[in-house]
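Per-entry structural report
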Amino acid sequence: MMTGKSPQRGAPSAALVILLACLFALQGCAGIAALGLRPQTPSNLTTTIRTLEPDHRFSDLPATTVAERVRAKYSGEPLNILALSGGGAAGAFGAGAVAGLTRSGLRPDFAVVTGVSAGALVAPYAFLGSSWDSRLLDAFSGRTTGNLLQPRGLGAIFGSSFYRGAPLRQLIESYATGDMIQAVAREADRGRLLLVATNDVATGKVVVWDLGAIARNGGSSAQQLFRDVLLASASVPGIFPPATIHVRNDEAPYDEIHADAAASLPFFVPSAFAQTSPAPTDSGSRTAVYVIIDRPLAETARAGRIAAQTSGSRTLLAGVSHQLLTTLEFVATTTQLHGATLQYSAISSQYPHVNPLDFHTDTMQALFGYAYECAQQGRLWTAFQRSDESNRSERIITEVRKVPCPADDAVIGYVASR
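Residues numbered from 1 in each chain as written. Predicted model: local features only at pLDDT ≥ 70, side-chain atom pairs only at ≥ 80, totals over all residues. Heavy atoms only, no water.

Notes on the overall build of the chain
Our working rule: Strands are runs of DSSP state E lasting at least two residues, helices are runs of H or I lasting at least four, and both sets are numbered from the N terminus onward. Buried, partly exposed and exposed residues are distinguished by accessible area as a fraction of the type maximum, computed with a 1.4 Å probe on protein chains only: under 20%, between the cut-offs, and over 50%, respectively. Should any heavy atoms of two residues lie within 4.5 Å, those residues are considered in contact. For the area figures, the Shrake-Rupley method with a 1.4 Å probe applies, and any residue is considered shielded solely by the protein chains shown.
Helix and strand counts for the chain stand at 14 helices and 11 strands. Taken over 418 residues, the chain has a buried fraction of 54%. Pairs at least 24 residues apart make up 78% of the contacts formed inside the chain by residues separated by at least 6 positions. Summing over all exposed atoms, the chain offers an accessible surface of approximately 17700 Å²; the carbon and sulfur share of this is 52%.

The following block contains the structure:
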């Protein structure tokens, strides 16, 4: 993944990489519509939030309504929002960053935590606070992910994925325990929000789930739904099979098929949540948005023969990078318009190449440790500024590091000031 080691056994072949490029990046791939991956703009992705009512029926509430409730709860206080992106095994970066913020003593009290894909798996730990950091390390150290990629053999030709879904389900069930779900429910009772995005395969639309509302309902069915949503969010189309979610409404129950939403939505901050209360009494009561991106903002060129795998990988990464930057700039514009602040972090472009399907213990621990150290040293965040508020010629990195921390990375800094 990130240390130059060969991928774990069963890692993607050239054909798989090309398939991924078709799934995530491209224009003109017939498989996109079939999997529900339709191009969308960030502005229309998160206008509603799906909650679970006491009668175990789903309800889609306007994001503005949910945001108003949160702002009322935090009136006169800072409203801190954390968004965690997807990234596969590189989710270890987000996990290390969260734990490192605790060590630095600068970890905000996040009222709202959102997650997509691997970020959805980090989100409950970030939501629950520093007392869960040891379990966060255990989950993203790579010690339990060595057998995550189990090829389906010839079944991959006729099925929906190259790898079996059972190992991922078992991994999520081992960490999304009853204790975790009950702890999420207690925090939701305080008015905090834990939001996770999935992609409805049939409609191609992103669905944002209120996991706190699900946890508060209690019982085995609510706990299973909690885990199913996490499973769906982590089920990359073509890599893992999508997840089935059972729906109850006023009519007959039915099933929905959901998968990872990262192809449409790398991370998310609903626009309604970025608003700052009118005439805040001081800067400390403003809305502050923090984004952790589990990948570089730009891929560095790597020498090598242009083979099918290399070409497919570069096409995939180019498509993902474009969508990522589009989303980041949209969130930056939204926060500025609403008077909020935005700070973000990403893996340095000088960090060794990250293979999102390399779940080796040593590579995941290395990335976790890199993020942890940078966060502990206060070198995690870059503030997004208007172009007229920063002098690009002054953004010179004077500290020499083998791999710079995100706050010292020239590419990350450039994005903030352009």
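Description of the layout of surface pockets
Using the following cut-off: Every definition here rests on a 1 Å grid over the protein atoms only: cavities are sets of points where a 1.4 Å probe fits but cannot get out, pockets are open sets enclosed by protein on both sides within 12 Å along at least five of seven lines, and lining residues have some atom within 4 Å of a point. Grid points are joined across faces, edges and corners, and a volume is the space filled by probe spheres set on the points. Each residue gets one of three labels, nonpolar for Ala, Val, Leu, Ile, Met, Phe, Trp, Tyr, Cys and Pro, charged for Asp, Glu, Lys and Arg, and polar for the others, Gly among them.
The volume enclosed by the second largest pocket comes to roughly 390 Å³. Around the second largest pocket, the lining comprises 20 residues; the ones closest to its centre are Arg69, Leu193, Asp210, Ala213 and Arg216. Elements represented by at least two residues in the lining of the second largest pocket include exactly strand E1 (48-52), helix H3 (63-73), helix H9 (178-189) and helix H10 (211-217). Residues that form the lining of the second largest pocket fall into these classes: eight nonpolar, four polar and eight charged.

Some words on the packing of helix H4 (residues 91-104) against helix H5 (residues 118-128)
Here is the rule we go by: The axes used here are C-alpha line fits, helices contributing only the stretch in contact, and every angle between their N-to-C directions lies in the interval 0 to 180 degrees. Between 65 and 115 degrees an angle is taken as roughly perpendicular, under 35 as roughly parallel, over 145 as roughly antiparallel, and anywhere else as oblique. Handedness of a crossing follows from how the near helix is turned relative to the far one, being left-handed for an anticlockwise turn of less than a right angle and right-handed for a clockwise one.
Where H4 contacts H5, the axes come no closer than 9 Å and their chain directions differ by 15°. As judged from the angle between their axes, H4 and H5 are roughly parallel. Our pair here, H4 against H5, has a crossing hand that is right-handed. Residue-level contacts link Gly91, Gly94, Ala95 and Val98 of H4 to Ala118, Val122 and Ala126 of H5. Here the residues of the contact of H4 with H5 are counted per class, giving five nonpolar, two polar and no charged.

Describing helix H14 (residues 410-417)
Convention followed: We define a polar contact as two N or O atoms separated by no more than 3.5 Å, with the added condition that, inside protein, one atom must be a possible hydrogen donor and the other a possible acceptor, whereas residues neighbouring each other in sequence contribute only through side-chain atom pairs.
For H14, the complete set of buried residues consists of Ile412, Gly413, Val415, Ala416 and Ser417. N-cap assignment for H14: the residue whose side-chain oxygen lies 3.0 Å from the backbone N of Val411 is Asp409.

A short note on the pairing of strand E9 (residues 287-293)
Keep this limit in mind: Each pair of strands is called paired provided DSSP finds at least two bridges between the two strands.
A large share of E9 lies buried, amounting to seven of its seven residues. Along E9, one buried face is formed by Thr287, Val289, Val291 and Ile293 and the opposite face, lined by Ala288, Tyr290 and Ile292, is buried too. Where strand E3 (residues 79-84) meets E9, six bridges bridge the pair, whose relative direction is parallel. What sits directly across from Leu79, in E9, is Thr287.

What about the confidence of the model for the chain?
Here is the rule: You can read pLDDT as the predictor saying how much it trusts each residue, on a scale of 0 to 100.
Scored by pLDDT, the chain has a mean of 79; 73% of the residues are at 70 or more. Here residues 390-401 is a poorly scored stretch, pLDDT under 50, and it has 16 contacts once near neighbours within four places are set aside; other chains count.

Things to note about helix H11 (residues 219-234)
Spacing of three or four residues puts side chains on the same side of an α-helix, whose turn is 3.6 residues. For clarity, the cut-off: In this analysis, the expected span of each helix is defined as 1.5 Å times one less than the number of residues it contains.
When the terminal C-alpha atoms of H11 are compared, their 23 Å separation across 16 residues agrees well with the 22 Å that a helix rising 1.5 Å per residue should span. In terms of residue burial, H11 counts as a mostly covered element, since 12 of its 16 residues are buried. Within the sequence span of H11, burial applies to Ala222, Gln223, Leu225, Phe226, Arg227, Asp228, Val229, Leu230, Leu231, Ala232, Ser233 and Ala234.

Here we look at the environment of Arg227
Looking at the secondary structure, you find Arg227 in helix H11. By relative accessible area, Arg227 is classed as buried at 15%. For the pair Arg227 and Arg169, spaced 58 residues apart in sequence, the C-alpha to C-alpha distance is 8.3 Å. Discounting chain neighbours no more than four positions away, the residues touching Arg227 are Ile172, Glu173, Ala176, Thr177, Gly178 and Ile181.

So, the nonpolar core
Across soluble globular proteins, nonpolar side chains show a tendency to be buried alongside one another. Our working definition: For this analysis, a nonpolar core means a set of buried residues of the types Ala, Val, Leu, Ile, Met, Phe, Trp, Tyr and Cys, connected via side-chain atoms within 4.5 Å.
If you look at the biggest cluster of nonpolar residues, it comprises 79 residues, and the most contacted ones within it are Leu82 and Phe226. For Leu82, the contacting residues outside a window of four places in its chain are Val98, Phe110, Val112, Val113, Thr114, Ala126, Tyr290, Ile292 and Trp381.

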